[in-house]
Amino acid sequence: MQNSMTYSLPVSIEEELAKVSGEWAADSRISRIWQKDAAVWTGADEDKWLGWLDVVAAELGDIQKYNDLRADIEEAGFTDVLLMGMGGSSLCPEVLALTFGKANFHILDSTVPAQVLAVEQRLDLAKTLFIVASKSGSTLEPNCFKQYFFDRLSQTTDEPGKQFIAITDPGSKMEEVAHADGFHHIIFGDPSIGGRFSALSPFGMAAAAVMGLDVKRLLSGADEMTTACRMERPSDNDAAMLGLILGVCHRAGRDKLTIFTSPEIADLGSWLEQLIAESTGKNGVAVIPVDGEPLQPAVSYGNDRVFINLKLAGSNHDVDLSALFAAGHPVVQIELDNLYTLGAEFFRWEFATAVCGAVMGINPFDQPDVESAKIEAKKITEEYESSGSLPVETPFFEQDGMKLFTSDEYANQLREMVDEPVLAEFLSAHVANVEDGDYFALLAYIEMNDEHEGLLQHIRTKVLERRLAATCLGFGPRFLHSTGQAYKGGANNGVFLQITSDDAVDVEVPGQKFTFGVVKAAQSRGDFQVLLDRGRRALRVHLGPDVEAGLGNLADII
């Protein structure tokens, strides 16, 4: 079997794993998953969302469509590709593009005006293929992206649709738009496959074909994993065992899945974040994925962690988790034979996540709290459309161009904790609220670039070293379709620092009264309001228009 898996567990977890594994074997639960028995989970509508179990065989049986797609794209002479989508529609393509070094394949999954302009500046619009990826066809962000670039092309060509491809589910609003606007291709997904389980469906594989990857090879590895996942005894089924480990660790309070990877496959962590957080974070429970955190000495980790190390065979830059192993922490190690065995890992983790959800007693295929943030954001955009301005906000504190926002209750709590009402004291008090078993999350609604990420990683590392708690970092609004579900729907053990800013330059959304800056503001405010409504310890710091200077100041204070 390709991509070997090994693990080491504390005795208490090993014993519980043996018990749960025995229960699963006795109850034939792996077979029941393949029979699409919703009672494996909550008996709700889970059976309607299991198309991913069969998608690999279906895609292999229709592989010629990807060969034809690649040939068509090559003949058209496009030099760049821009995929516009959110969450599951964009993260697998992002992993493939970064892992295989496809520098001409770009992703847009941000409504931050600076991000939209930065992506546009990297393109020769006349020679760019635009892919709009949206299962429902009604997701706000991809529709805004499509309108923007379709309008830009309309200024120079009479047939802009010839440079567009839609990947969507049959009967969606996007299919209707694609027909009306004369799109070059419409590629259909499977409505029984949710976005985060869609990597091996056309949402991932069409992008792979456009990149020039060997789609059959990716799917063949996944097919081998699919066969392995049919083994009925958990002890013979690595993917099932991985899911049981995560579920049993969660029961034991180890709810922070800390992900390390070889640098060659580093972006796989972003895909795993969405799959795990959005699937398990609901009903007051969650497995919180921790990706991109720097490795610490074993003594710095509490008993709320489980570690996964995804290694690429032959890599010279693997992390050494032997000290964690020796200290008695749960450690799982998976070695990928080569880059193309990513296909196998996509399926392994989808299956494992479904198993973990069953152990946790939840429906891993819904995302109720993603919708709650969308509803709040829509209220704000509708108010802007009717009044021409965003709702007025009043910070509870302001200093050096930075404004702090939170609920009245939490603001009063912070005031009681500070000796002097200054920015550094309030930030210190907020970080001091990170307790044992908590995690700290940076939610940054700013342009995602190397400079900003470096400053945010600096802040994250300082909090990690100071509080010895798990730390997360997400750029908005992309994390709203990913870890945001767990932050709102999971346990109340997160401390959040949201970062927003003014826009030095805003960008119009053609055909709409609002701009990208308004959409971004509505999303950040809606996200923040839901966190407060759920009683989360959340603080928002609003920077001025000079984001880098503001972040630098924030990092210095931290």
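The residue numbers shown here count from 1 along each chain, following its written sequence. This being a predicted model, a pLDDT of at least 70 is required before a residue's local features are given, and a value of 80 or more before pairs of side-chain atoms are given or counted; all residues contribute to the totals for chains, interfaces and linings. Computation of side-chain values: all heavy atoms of the structure, hydrogens and water removed.

Quick look at the overall build of the protein chain now. A count of helical and extended segments in the protein chain gives 21 helices and 16 strands. Two things to know: the radius of gyration comes from C-alpha atoms, and the globule rule equals 2.2 Å times the number of residues to the power 0.38. By the compact-globule yardstick of 24 Å for 558 residues, the protein chain fits well, its C-alpha radius of gyration being 23 Å. When its C-alpha atoms are laid out on the principal axes, the protein chain stretches across 65 × 60 × 45 Å. Burial status follows relative accessibility: with a 1.4 Å probe on protein chains alone, a residue under 20% of its type maximum counts as buried, one over 50% as exposed, and anything between as partly exposed. Each of the 558 residues in the protein chain was classed as buried or not, and the buried ones make up 60%. Here, Shrake-Rupley sampling with a 1.4 Å probe gives the accessible areas, and only protein chains in the shown set may cover a residue. Only carbon and sulfur atoms are counted for the fraction: they give 46% of the accessible area of the protein chain, which is about 20500 Å². Charged-residue counts in this description rest on Lys and Arg as positive and Asp and Glu as negative, His and the chain ends being excluded. To locate a charge, take atom NZ for lysine, CZ for arginine, CG for aspartate or CD for glutamate. Computed over 45 positive and 83 negative side-chain charges, the inter-centroid distance for the protein chain is 3 Å. Only DSSP runs of H or I covering at least 4 residues are called helices, and only runs of E covering at least 2 are called strands; the numbering of each starts at the N terminus.

Nonpolar side chains in soluble globular proteins generally cluster together in the buried interior. Counting 97 residues, the largest nonpolar core has W271, W349 and F351 as its most contacted members. Looking at this core, the element that brings in the most residues is helix α14 (residues 342-360), giving 13 residues. Residues belong to a common nonpolar core when they are buried Ala, Val, Leu, Ile, Met, Phe, Trp, Tyr or Cys residues joined through side-chain atoms within 4.5 Å.

So, about the sheet that holds strand β6 (residues 185-188). Spatial ordering of the open sheet is given by β3-β2-β4-β5-β6, a layout of five strands whose pairing is parallel. Across the chains shown, the open sheet's two edge strands, defined by having one partner strand only, are β3 (105-108) and β6. For this sheet, the mean angle separating the axes of adjacent strands, direction not counted, is 20°. Direction of pairing for strand β2 (residues 80-84) relative to strand β4 (residues 128-133): parallel, over a ladder of five bridges. Pairing of M84 across the sheet is with V132, part of β4. With respect to the sheet, helix α9 (residues 202-211) is in contact with β2, β3, β4, β5 (164-168) and β6, its orientation differing from that of β5 by roughly 150°. Whether two strands pair comes down to DSSP finding at least two bridges between them. As a rule, the C-alpha atoms of each element are fitted with a line to give its axis, helices using only the stretch in contact, and angles between N-to-C directions run from 0 to 180 degrees. The contact rule is simple, with two residues in contact once any of their heavy atoms fall within 4.5 Å.

Below, the discussion takes up the side chain of T406. Mapped onto the elements of the fold, T406 is located in the loop between β12 (402-405) and α16 (408-417). The exposure class of T406 is buried, given its relative accessible area of 16%. Within the structure, the side chain of T406 is placed 2.7 Å from the backbone oxygen of A538, a separation counted as a polar contact. Apart from residues lying up to four places away in sequence, T406 is in contact with F396, A411, F528, L532, A538 and L539. Here a polar contact is recorded for every N or O atom pair within 3.5 Å, except that within protein the pair must consist of a potential hydrogen donor and a potential acceptor, and residues adjacent in sequence are included only if both atoms are side-chain atoms.

For any two helices packed against each other, the geometry comes down to the angle between their axes and how far apart the axes lie. At their nearest, the axes of helix α18 (residues 450-467) and helix α21 (residues 547-557) sit 9 Å apart, and the two run at 15° to each other. Considering their axes alone, α18 and α21 lie roughly parallel with respect to each other. Judged by the twist between their axes, the crossing of α18 over α21 is left-handed. Packed against α18, whose contacting residues are E451, H452, L455, L456, H458 and I459, the element α21 presents V547, E548, L551, G552, L554 and A555 at the interface. Angular relationships are summarised with four words: roughly parallel below 35 degrees, roughly antiparallel beyond 145, roughly perpendicular across 65 to 115, and oblique for the angles in between. Should the near helix be turned anticlockwise from the far one by less than a right angle, the crossing is left-handed, and should it be turned clockwise, the crossing is right-handed.

For this analysis, a ring pair means two rings from Phe, Tyr or Trp (six-membered ring only for Trp) whose centres lie within 6.5 Å, classed as stacked if their planes differ by under 30 degrees, edge-to-face if by over 60, and tilted for the remaining angles. Taken as a whole, this structure holds 27 aromatic pairs when the rule is applied. Geometrically, the ring pair formed by W34 and F351 is stacked, given 5.9 Å between the ring centres and 25° between the ring planes. With W34 in helix α2 (residues 29-34) and F351 in helix α14, the pair connects residues that are 317 residues apart, well separated along the chain. Given the relative accessible area of 13%, W34 is considered buried. In this structure an aromatic cluster arises from ring pairing among F130, F145, Y148, F149, F150, F164, F183 and F516. In this structure, K146 packs its charged tip against the face of F150, placed 4.2 Å from the ring centre. Comment: the charge-over-ring label is applied if NZ (Lys) or CZ (Arg) is within 6 Å of the ring centre and within 35 degrees of the ring normal.

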